[in-house]
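As a plain string of letters, each chain reads:
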Amino acid sequence: MTKKPLYKRVLLKVSGEALMGDQQYGINVETVDRIAREIKQATDIGVEVCLVIGGGNIFRGLSGAAKGMERASADYMGMLATVMNALAMQNALERFGVPTRVLSAIPMMTVCEPYVRRRAVRHMEKGRVVIFAAGTGNPFFTTDTAAALRATEMGCDALLKGTQVDGVYSADPHKVKDAERYDHLTYMDVLAKDLQVMDTSAIALARENGIPIIVFSIHNDGGFVNVLTGDGRCTIISD
Ligand code: UDP
């Protein structure tokens, strides 16, 4: 029998890099399909899911600025990259029969809907997956902060961050053999120890609004649904 989910509505943050598969750049369609299947499993057990996808697989504002571009323009390019990723994910989800809407913080009426909070809530109530594209719509922010912001606006019960590893470690587990994995951390632990989970403004926003952040591996089959039913390996960040 399928276990009952612990959460009614969640926001999943997926970094752009998670969509690259074994490529060095861009979108790997098989990888997007695999993540879309994970999301479908979650909607199949009745969880309302919304998504924020990063853009680091295509363009990062900071890298452009490092090469002499004006930071704000480079950031807008980064935000446009997240729209491409959002459309790729929408396409995969709809091929698997999951109704999906992309809402962009930078209006782009011919490719997706503009972000309107009440419309997003309505879509979710109707059982659609909502993908928030173009981050916060503002330069000098990240999609981590966009994830914390949208999770708050949508009244999500948790913000799930799908990463390359199954939780938060004391050091990079790919580099440090005896790095310790934490089951639970407080928001303050993350800030004080400067653990690279999400950026500081995202952690602060989640903390102020009492939204737990759950860090898990997006690459384990069934990992998302396991975390939602309380069975998965993850790190929970709360008070
Ligand atoms: N970005 C931005 N404002 C936002 C969200 C994103 O300017 O609210 C830009 C920023 O340049 C960033 C890029 O979009 O580098 C891609 O987002 P991010 O680096 O957060 O993606 P991820 O690392 O999750 O793939």
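Sequence positions are assigned chain by chain, starting from 1 and proceeding in written order. Given that the model is predicted, a residue must reach a pLDDT of at least 70 before its local features are reported, and side-chain atom pairs must reach 80 or more before they are shown or counted; all residues, however, enter totals for whole chains, interfaces and linings.

As annotated in an unreviewed UniProt entry, the protein carries the name Uridylate kinase and comes from Parvibaculum sedimenti. UniProt annotates the protein under Sequence similarities (unreviewed entry) with the comment "Belongs to the UMP kinase family." Within the UniProt record for the protein, the comment given under Function (unreviewed entry) is "Catalyzes the reversible phosphorylation of UMP to UDP." UniProt positions are given in the numbering used here, feature names are shortened, and annotations may be inferred rather than shown by experiment.

**Q** An account of the overall build of the protein is requested, with residue identities and associated values reported.
**A** Strands are runs of DSSP state E lasting at least two residues, helices are runs of H or I lasting at least four, and both sets are numbered from the N terminus onward. A tally of regular secondary structure across the protein gives eight helices and eleven strands. Computed over its C-alpha atoms, the radius of gyration of the protein comes to 17 Å, within 12% of the 18 Å expected for a compact globule of 239 residues. Reported as C-alpha extents along the three principal axes, the dimensions of the protein are approximately 45 × 45 × 35 Å. Here a residue counts as buried when 20 or more other C-beta atoms sit within 10 Å of its C-beta, as exposed when there are 12 or fewer, and as partly exposed otherwise, the C-beta atoms being derived from the backbone. In the protein, buried positions account for 46% of the 239 residues. Two residues qualify as being in contact provided that their C-beta atoms, derived from the backbone, are within 7 Å of each other. Of the contacts formed within the protein by residues at least 6 apart in sequence, a portion of 70% connects residues at least 24 apart. Atoms considered for the radius of gyration are the C-alpha atoms alone. The globule rule reads 2.2 Å times the number of residues to the power 0.38.

**Q** Summarise the packing of helix α1 (residues 29–44) against helix α3 (residues 71–95); cite the residues concerned and give the values.
**A** For helices, the fitted axis covers only the stretch in contact; all axes are lines through C-alpha atoms, and the angles between them, taken along N-to-C directions, range from 0 to 180 degrees. Packing of α1 against α3 brings their axes to within 9 Å, and their N-to-C directions diverge by 60 degrees. One finds that α1 runs oblique with respect to α3. Crossing geometry of α1 relative to α3 is assigned as right-handed. Contacts between α1 and α3 pair Val32, Asp33, Ala36, Ile39 and Lys40 from the former with Ala88, Met89, Ala92 and Leu93 from the latter. Residues belonging to the contact of α1 with α3 are distributed by class as follows: seven nonpolar, no polar and two charged. Any angle that falls under 35 degrees is termed roughly parallel, while one over 145 is termed roughly antiparallel, one within 65 to 115 roughly perpendicular, and all others oblique. Crossing chirality is assigned from the near helix's rotation relative to the far helix, an anticlockwise turn below a right angle marking it left-handed and a clockwise turn marking it right-handed. Residue polarity follows a fixed list, in which Ala, Val, Leu, Ile, Met, Phe, Trp, Tyr, Cys and Pro are nonpolar, Asp, Glu, Lys and Arg are charged, and the others, Gly among them, are polar.

**Q** Break down unusual backbone geometry for me, with residues and values.
**A** Of note, Ala134 is a non-glycine position whose phi angle comes to about 65 degrees, a positive value. Residue placement: Ala134 occurs in the loop between β5 (129–133) and α5 (143–153). Phi at Asp194 takes a positive value of approximately 55 degrees, unusual for a residue other than glycine. Relative to the elements of secondary structure, Asp194 occurs in the loop between α6 (187–192) and α7 (200–208). When the 8 C-beta atoms within 10 Å are taken as the criterion, Asp194 is described as exposed.

**Q** With reference to specific residues and values, describe the pairing of strand β10 (residues 213–217).
**A** In terms of burial, β10 is a largely internal element, four of the five residues being buried. In short, DSSP must find at least two bridges between two strands for them to pair. Both strand β6 (residues 158–163) and β10 contribute to a ladder of five bridges, which runs parallel. Residue pairing for β10: Thr163 is matched across the bridge by Ser217.

**Q** Now, about the UniProt feature "binding site: UMP" (unreviewed entry) in the protein: what can you tell me, with residues and values included?
**A** Cross-referencing UniProt, the feature "binding site: UMP" (unreviewed entry) maps to Gly55, Asp75, Thr136, Gly137, Asn138, Pro139, Phe140, Phe141, Thr142 and Thr143 in the present numbering. The largest pairwise C-alpha distance within this set of annotated residues, which runs over 89 residues, is 14.1 Å, so the set is compact in three dimensions. Mapped onto the elements, Asp75 comes out in helix α3. For Asp75, the contacting residues outside a window of four places in its chain are Gly61, Pro139 and Phe140. Mapped onto the elements of the fold, Thr142 is located in the loop between β5 and α5. The class of Thr142 is buried, set by 23 C-beta atoms lying within 10 Å. In this structure Thr142 touches Gly135 and Asp199, once residues within four positions along its chain are discounted.

**Q** Would you mind going over the site of the ligand in detail, with residue names and values included?
**A** Here is the check we use: build the C-beta atom from the backbone, and if it is within 6 Å of the molecule or strand, call the residue near. Surveying the vicinity of the ligand reveals 23 residues, the closest of which are Gly54, Gly56, Gly61, Gly78 and Gly135. At the level of secondary structure, the elements contributing two or more residues to the shell around the ligand comprise α2 (61–66), α3 and α5. Looking at the shell around the ligand element by element, the count peaks at five residues for α3. Within the shell around the ligand, the residues separate by chemical class into six nonpolar, 13 polar and four charged.

**Q** A description of the packing of α5 against α7 should follow, citing residues and the corresponding values.
**A** Running from amino to carboxyl end, α5 crosses α7 at an angle of 15 degrees, the nearest separation of the two axes being 7 Å. Comparing their axes, α7 and α5 come out roughly parallel. Relative to α7, the crossing made by α5 is left-handed. Judged by residue contacts, Asp144, Thr145, Ala147, Ala148, Leu149 and Thr152 of α5 engage Ser201, Ala202, Leu205 and Ala206 from α7. Broken down by class, the residue content of the contact of α5 with α7 amounts to six nonpolar, three polar and one charged.

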